[in-house]
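Spelled out, the chains give:
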Amino acid sequence: MSFTSFTDGTRWSDVYTSAACAFLAGTAMFTADFALTLRLQTDGYGGMAIAALIICATLPLVVLSPVTGRLADRFDSRTLMALSGLLQAAAIVPMAFTDNLIALYLLVILNACGTAVNQPVVSALVTVMARPKDLPHAVAMVQTGTLTGLAAGPALAGFVIGSHSAGAALMLAAGFALLRVLFCLDIRTRRGGLRRDLTAQAATAAAPWRLGGDRLLTAMVFGLSAVIAAMCAVNVLSVFLVREVYDATESMYGLIKSCWTVGMVAGAWIAAALIRRLDRDVQLAWMLMACLAGVGLVCIGQGVPLATVLLMVPLNLIGGVFNAGENSALGIAIARRVPEAFRGRANAAVNGRVNAAQLIGFLLGGAMSTFMDVQTAFVAVGLVSIAIVLACLPVIRRAARRDGAPAAAEAAPERVLAGAAA
């Protein structure tokens, strides 16, 4: 529970500050990772070294998810957010002063640990800041901050490296991490810590929550993770599709890749407006499955022969919209279905599975590039994604019936009493 939570309405000032923190966190992480990627490529390292760098940046998000989720639920949110920012800054600054590859990998892991701590804290804290009615818009606001930081990080890194050096870009990233520490201290809403309500502690002891115990959420997380693994496989091949199949320029490739992020920003707000109309949790599951199927169709569209590479632009915009819809539907489902005392662990568990799926996808993409034509791979992955959605539909139907059964059982005695009174 929170130390200080809203009473009369949504605390929008905290939502805006959280969105700014999400922007700074994303900018710091992606500026540092992109600067190191460019430095390794410039220094003559091959694809294996860069792949190892990506794995080091992702693996802590998977391995530490059980630990970071418990931290988010047990300790003060403001303290954890500040410490995660300080940890990021402490990891990024030494990157500018070492050329040792092993040391860089260790520092990247340390930087990712800061992100691993911050993610479940922010996800759980937003649900305390906003009323249920305003939660979709609050989630969209924070998601916009994250996505904007994701897009700004590589752009800033490229600009600073071009005009100064990789070291300057890394110091800028460290500055963003420290600025995030200052911003998070301004957030008044709190959760976790020793002062949690006794009722929340009693609920935690009496009814511990597990992801596997919620069939509807389990089906949603499985479907999302499986499709993300498939999509990450073709993300590895996207550069070959644009640059080799269509013989497009590097700037065109950059434009096409950025369109996905732009689509996600727009999609976050479209999803927020739609979710406000969805009262039942199963409707969120149907929305998630529809978005996953939409991403699969976009993947197929990218794989079929196109008249011009410019058609990739609207396809990526549409794909980004569906991608944001997936994230929003699952985020609101967690907020609705998970007890407040367990939301840190729930978000960490979901993030761990999604990031593990990304790692699997990267490995699959490397394997597919050796024995499959690029366009064929896109079509195959799109078809597999739609097949995953179809496989999840019966599970969601059964979970929805199971959710509805207790409500019907509770309503039955009321009907009997009403009949007796009549």
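Residues numbered from 1 in each chain as written. Predicted model: local features only at pLDDT ≥ 70, side-chain atom pairs only at ≥ 80, totals over all residues. Heavy atoms only, no water.

Asks: I'm lost on the overall build of the chain in this one. Help?
Replies: Scanning the chain for helices and strands turns up 14 helices and 0 strands. For the chain, the sequential pattern of α-helices and β-strands runs α-α-α-α-α-α-α-α-α-α-α-α-α-α. Going through the 422 residues of the chain one by one, you find that 51% of them count as buried. Long-range pairs, those at least 24 residues apart, make up 86% of the contacts in the chain between residues at least 6 apart in sequence. With an accessible surface of roughly 18,900 Å², the chain has 68% of that area assigned to carbon and sulfur atoms. (Helix = DSSP H or I, 4+ residues; strand = E, 2+ residues; numbered from the N terminus. Buried < 20%, exposed > 50% of the residue type's maximum accessible area, 1.4 Å probe, protein only. Contact = heavy atoms within 4.5 Å. Areas by Shrake-Rupley, 256 points an atom, 1.4 Å probe, with all protein chains shown as cover.)

Asks: Explain the UniProt feature "transmembrane region" (unreviewed entry) in the chain here, please?
Replies: On the UniProt side, "transmembrane region" (unreviewed entry) is annotated at positions that read residues 12-32, 44-67, 138-161, 167-187, 216-242, 254-275, 287-313 and 377-396 here. Secondary structure content for residues 12-32 is 100% helix and 0% strand, and the end C-alpha separation is 30 Å. (UniProt positions renumbered as here; feature names shortened; annotations may be inferred.)

Asks: Whenever I open this one, helix H7 (residues 166-184) confuses me. Can you help?
Replies: Each α-helix turn comprises 3.6 residues. Residues three or four places apart therefore point the same way. The terminal C-alpha atoms of H7 lie 27 Å apart, and with 19 residues this matches the ideal 27 Å at 1.5 Å per residue to within 8%. Residues of H7 that are buried include every one of Ala166, Gly167, Ala169, Leu170, Ala173, Ala174, Phe176, Ala177, Arg180, Val181 and Cys184, and no others. Among the structural elements, helix H1 (12-42), helix H4 (77-95), helix H5 (101-129) and helix H6 (135-163) are those in contact with the buried residues of H7. (Expected span 1.5 Å × (residues − 1).)

Asks: What is the right way to read the side chain of Thr189 from this model?
Replies: One can find Thr189 in the loop between H7 and helix H8 (198-206). Given a relative accessible area of 1%, Thr189 falls into the buried group. Among the polar contacts made by the side chain of Thr189, one reaches the side chain of Arg11 at a distance of 3.5 Å. A distance of 2.5 Å separates the side chain of Thr189 from the side chain of Asp14, its partner in a polar contact. (Polar contact = N/O pair within 3.5 Å; in protein donor to acceptor, adjacent residues only side chain to side chain.)

Asks: Can you walk me through a positive patch on the surface in this structure?
Replies: On the surface, a cluster of positive charge is contributed by Arg215, Arg397, Arg398, Arg401 and Arg402. Of all the elements, helix H14 (residues 374-421) adds the most residues to the positive patch, at 4 residues. Position of Arg215 relative to the elements: it lies in helix H9 (residues 215-245). (Patch = residues over 30% accessible without salt bridge, like charges linked within 9 Å, V, L, I, M, F, W, Y side chains within 5 Å. Salt bridge = Lys/Arg side-chain N within 4 Å of Asp/Glu carboxyl O. Lys, Arg positive; Asp, Glu negative; His and termini not counted. Charge placed at Lys NZ, Arg CZ, Asp CG, Glu CD.)

Asks: What's the story with the packing of H1 against H4 in this structure? I'm lost.
Replies: Running from amino to carboxyl end, H1 crosses H4 at an angle of 25°, the nearest separation of the two axes being 11 Å. Comparing the axis directions of H1 and H4 gives the class roughly parallel. Two packed elements cross with a definite hand, and for H1 against H4 that hand is left-handed. Taking contact as the criterion, the partners of Ala25, Ala28, Met29, Ala32, Leu36 and Arg39 in H1 are, on H4, Gln88, Ile92 and Met95. (Axes fitted to C-alpha atoms, helices over the stretch in contact; angles between N-to-C directions. Parallel < 35°, antiparallel > 145°, perpendicular 65-115°, else oblique. Left-handed = near helix turned anticlockwise from the far one by under 90°.)

Asks: What is the right way to read the pattern of salt bridges from this model?
Replies: As a working rule, side chains carrying opposite charge can pair if their charged atoms are close by. Taken as a whole, this structure holds 7 salt bridges when the rule is applied. Salt-bridge contacts for Asp14 lead to Arg11; the nearest nitrogen and oxygen are separated by 4.0 Å. The same class applies to Asp14 as to Arg11, namely buried. Its salt-bridge partner being Arg345, residue Asp73 comes within 2.8 Å of it at the nearest N-O pair. Placement of the pair is Asp73 in helix H3 (residues 65-74) and Arg345 in helix H13 (residues 343-371), with a sequence separation of 272 residues. Summarising the burial analysis for this pair, Asp73 and Arg345 share the class buried.

Asks: What is the right way to read the packing of H4 against H5 from this model?
Replies: For any two helices packed against each other, the geometry is given by the interaxial angle and the distance between the axes. At a closest axis distance of 8 Å, the pairing of H4 and H5 adopts a crossing angle of 160°. By the angle class used here, H4 and H5 are roughly antiparallel. Relative to H5, H4 is oriented so that their crossing is left-handed. Partitioned by chemical class, the residues of the contact of H4 with H5 number 16 nonpolar, 7 polar and no charged. (Nonpolar A, V, L, I, M, F, W, Y, C, P; charged D, E, K, R; others polar.)

Asks: Sorry, what's going on with the nonpolar core here?
Replies: One broad rule of soluble globular proteins: the nonpolar side chains tend to lie buried together. Ranked by internal contacts, the top residues of the largest apolar core, which has 88 residues, are Leu217, Met220, Met289, Val309 and Leu330. Looking at this core element by element, the count peaks at 17 residues for H9. Dropping the residues within four chain positions of it, Met220 is found in contact with Leu284, Ala285, Leu288, Met289, Ala329, Leu330 and Ala333. Formed by 20 residues, the second largest nonpolar core is a distinct cluster that contains Ala32, Leu53, Leu107 and Ala169. (Core = buried A, V, L, I, M, F, W, Y, C linked by side-chain atoms within 4.5 Å.)

Asks: Help me understand a nonpolar patch on the surface in this model?
Replies: Residues Leu179, Leu182, Phe183 and Leu185 make up a contiguous nonpolar surface patch of about 350 Å² in total accessible area. On the secondary structure map, Phe183 appears in helix H7. Note on Phe183: relative accessible area 33%, which makes it partly exposed.

Asks: What should I look at first to understand the side chain of Gln302 in this one?
Replies: Structurally, Gln302 can be placed in helix H11 (residues 281-303). Classification of Gln302 as buried rests on a relative accessible area of 8%. If we skip the residues at most four places from it in the chain, Gln302 touches Leu241, Tyr246, Met312, Leu315, Asn316 and Phe378.

Asks: How do you make sense of the environment of Ala112 when you look at a structure like this?
Replies: Within the element layout of this structure, Ala112 appears in helix H5. Sequence separation of Ala112 and Ala57 is 55 residues, and the distance between their C-alpha atoms is 5.4 Å. The contact partners of Ala112, leaving out residues within four places of it in the chain, are Cys56, Ala57, Pro60 and Leu61.

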